[in-house]
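Working through the structure, step by step
Here's the letter readout for the chains.
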Amino acid sequence: MVRFFLVTRGRGGPMLCHLCASTITLCILWITMAQVSGQEDKEKTTALKDLLSRIDLDELMKKDEPPFTFPKTLEEFEYAFDEDGQLRHIKTGERFVFNAREDLHRWNQKRYEALGEIITQYVYKLLEEKCKLRKEVIPVDASDGEPTSFIYMSSDALTNPSKLLILIQGSGVVRAGQWARRLIINQDLNSGTQIPFIERAMEDGYGVMVLNPNENFFEVEKPAKISPIPSPTEPSDEPAEKRERKDNKEGKKKKEFYEKYRNPQKETETERIPIRGSASSEEHVLYVWDYFVSKALAKNVFIVAHSYGGLSFVELMNQREIQVKNKVCAVALTDSSHNIWLQDTSKGTQDWMHQCCQNWVSSPEPLDTPLDSMLPDCPRFSAGTERHELTSWISFKSIFKFFSEALKAKEDEEQEENSNTVTTRSSSHKNKHQDL
């Protein structure tokens with residue numbers, strides 16, 4: 001039994017209660033053993049942490065994934081668009097199901113992305129066959145083997161003398177002709193694609209230009225890395241046969257560990273080569289303006305820009321302010337992400353946007369309800385929905401009404417100016433006649 005000793009203070013100073021030497025020795029031994037035991041536990045804990053740090057839990061979860069091999073067509077996916085433009089399963093008639101396999105989120109996501117690529121090609125086909133648009137490759141002077149992108153245009157996009165409509169989507173995976181992939185898959189083609197805008201514009205006599213601001217890179221597969229040649233090891237005193245058995249055993253352990261804890265279907269590493277003139281959304285919009293829009297004969301250009309497309313349009317104004325003011329009649333923004341302060345726009349640009357632009361933003365208020373403008377640029381109106389991706393579709397009719405009113409106001413103003421000019425010339429001619 002370990003007894004404790006007590007130090008007290010008396011008149012002559014501290015006093016130690018007398019304990020036998022054996023008791024003190026036992027106390028010292030007990031403390032020493034506790035320290036040694038604690039050190040061993042600490043080393044074990046450190047080793048365990050080191051082991052856990054070497055195991056990538058994300059990779060561990062991938063080891064039981066099915067192969068990333070997915071259908072290449074809608075038919076192989078067993079899906080099709082019905083007469084209402086809704087994606088339905090061919091056999092069950094149900095909507096697309098994301099969680100095709102429970103507890104395999106990464107595999108489900110890859111499957112969704114594979115379907116999304118098929119949807120992109122499907123929309124391209126609709127643009128060409130249903131809307132009769134033609135594909136224009138950019139850069140216009142691309143050399144053989146150079147990465148390229150493209151836009152879509154109606155046959156009269158450059159020759160229509162009156163009106164031209166330009167469509168610019170937001171950022172992300174969407175490509176030419178799409179507002180939101182999620183809407184195409186989960187809702188319908190009308191809400192998720194730009195096709196209703198294209199068809200309505202053509203009915204109203206517009207030329208049409210569909211931009212493709214997210215096609216920025218050409219991806220090529222990276223060459224496989226060559227494993228470095230192992231450096232020679234120091235000669236060992238062990239017999240060669242024993243050393244070989246030891247190396248084989250260690251190699252087998254490493255292989256088993258790799259197969260157990262690493263993903264057997266490692267994703268291919270790719271390198272991105274930027275497309276000249278389209279390395280970013282802003283660069284793409286500027287390039288299309290310089291090589292196509294600025295050369296179009298239309299006196300009145302109209303623009304619909306969604307989300308990041310609005311930011312790209314404002315950047316275009318920063319770069320080509322005078323040209324845009326002279327050529328663009330009206331701009332409809334839908335939940336635009338532009339910021340006139342961060343983008344350092346001029347006072348002239350802000351005044352022009354206040355007069356010629358309107359921004360339909362996500363809001364619980366009814367469609368077209370005026371909202372307070374947080375920045376001194378364009379008036380803001382409710383898009384009649386709180387879902388960002390739906391703002392363009394819900395505002396569809398309001399946008400074309402806005403364009404019609406803007407064009408009429410411009411034509412009335414020009415007519416009034418012409419009338420004043422004729423009156424002035426007539427008065428001047430009359431005065432000259434009287435002088436004679």
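Residues numbered from 1 in each chain as written. Predicted model: local features only at pLDDT ≥ 70, side-chain atom pairs only at ≥ 80, totals over all residues. Heavy atoms only, no water.

**Focus: the environment of Glu315**
Structurally, Glu315 can be placed in helix 10 (residues 308–319). Considered as a pair, Glu315 and Ser281 are 34 residues apart in the sequence and their alpha carbons are 10.0 Å apart. With sequence-adjacent residues up to four places away left out, Glu315 is seen in contact with Glu282 and Gln343. (Helix = DSSP H or I, 4+ residues; strand = E, 2+ residues; numbered from the N terminus. Contact = heavy atoms within 4.5 Å.)

**Quick notes on the nonpolar core**
Side chains that are nonpolar tend, in soluble globular proteins, to be buried together. Membership of the largest hydrophobic core comes to 51 residues, with the highest contact counts inside it found for Leu165, Val304 and Phe403. Ranked by residue count, the leading element in this core is helix 4 (residues 105–129), at 10 residues. Non-local contacts of Val304, meaning those with residues more than four positions away in its chain, are made with Leu165, Ile166, Leu167, Ile168, Trp179, Phe197, Ala332, Ile399 and Phe403. With 35 residues, the next largest nonpolar core counts Ile138, Tyr287, Phe313 and Met317 among its residues. (Core = buried A, V, L, I, M, F, W, Y, C linked by side-chain atoms within 4.5 Å. Buried < 20%, exposed > 50% of the residue type's maximum accessible area, 1.4 Å probe, protein only.)

**Considerations on the packing of helix 9 (residues 281–291) against helix 10**
Viewed as axis vectors pointing N to C, helix 9 and helix 10 meet at an angle of 55°, and their least axial separation amounts to 9 Å. When the axes of helix 9 and helix 10 are compared, the pair comes out oblique. Here helix 9 and helix 10 pass one another in a crossing that is right-handed. Contacts between helix 9 and helix 10 involve Ser281, Glu282, Val285, Leu286 and Trp289 from the first element and Tyr308, Leu311, Ser312, Glu315, Leu316 and Gln319 from the second. Class assignment of the residues belonging to the contact of helix 9 with helix 10 gives a composition of six nonpolar, three polar and two charged. (Axes fitted to C-alpha atoms, helices over the stretch in contact; angles between N-to-C directions. Parallel < 35°, antiparallel > 145°, perpendicular 65-115°, else oblique. Left-handed = near helix turned anticlockwise from the far one by under 90°. Nonpolar A, V, L, I, M, F, W, Y, C, P; charged D, E, K, R; others polar.)

**Overview of the confidence of the model for the chain**
Of all residues in the chain, 71% have pLDDT values of 70 or greater, and the mean over the chain is 83. Across residues 1–21, confidence stays below pLDDT 50; counting only partners more than four residues off in sequence or on other chains, it has 21 contacts. Considering only residues more than four positions removed or in separate chains, one finds that residues 257–264, a stretch of pLDDT under 50, has 15 contacts. (pLDDT = per-residue confidence, 0-100.)

**As for the sheet that holds strand 12 (residues 328–334)**
Within the open sheet, the nine strands sit side by side as 5-6-8-7-11-12-13-15-14. Their pairing is mixed. Two strands lie at the open edges of the sheet, namely strand 5 (134–138) and strand 14 (370–371), each paired on one side alone. As paired elements, strand 14 and strand 15 (residues 380–382) share two bridges and run antiparallel to each other. Of the residues in strand 15, the one forming a bridge with Pro370 is Phe381. Lying on the sheet, helix 7 (residues 195–203) is in contact with strand 7 (163–168), strand 8 (206–210) and strand 11 (300–306); it crosses strand 8 at an angle near 155°. Contacting strand 12 and strand 13 (357–361), helix 12 (residues 347–356) crosses the sheet at an angle of about 70° to strand 13. (Pairing = 2+ DSSP bridges.)

**What about the environment of Glu269?**
Checked against the element boundaries, Glu269 lands in the loop between helix 8 (240–261) and strand 10 (270–274). Put simply, Glu269 and Val220 are 49 residues apart on the chain and 8.6 Å apart in space, counted from C-alpha to C-alpha.

**Here we look at the side chain of Arg181**
Mapped onto the fold, Arg181 is located in helix 5 (residues 181–186). Looking at Arg181, the relative accessible area reads 6%, which means it is buried. The residues touching Arg181, leaving out its near neighbours within four places in the chain, are Tyr112, Glu113, Gly116, Glu117, Thr120, Val173 and Val174.

**Topic: the packing of aromatic side chains**
Note on aromatic pairs: each is described by the distance of the centres and the angle between the planes. This model, assessed by the stated rule, comprises 22 aromatic pairs. Ring plane angle 50° and centroid distance 5.4 Å describe the contact between Phe70 and Trp107, whose orientation is recorded as tilted. Separated by 37 residues along the polypeptide, Phe70 in the loop between helix 2 (57–62) and helix 3 (74–77) and Trp107 in helix 4 bring together distant segments of the chain. For Trp107, a relative accessible area of 8% corresponds to the buried category. Measuring from centroid to centroid gives 6.0 Å for Phe96 and Tyr112, while their planes differ by 50°, and the two rings are tilted. (Phe/Tyr/Trp six-rings, centres within 6.5 Å; stacked < 30°, edge-to-face > 60°.)

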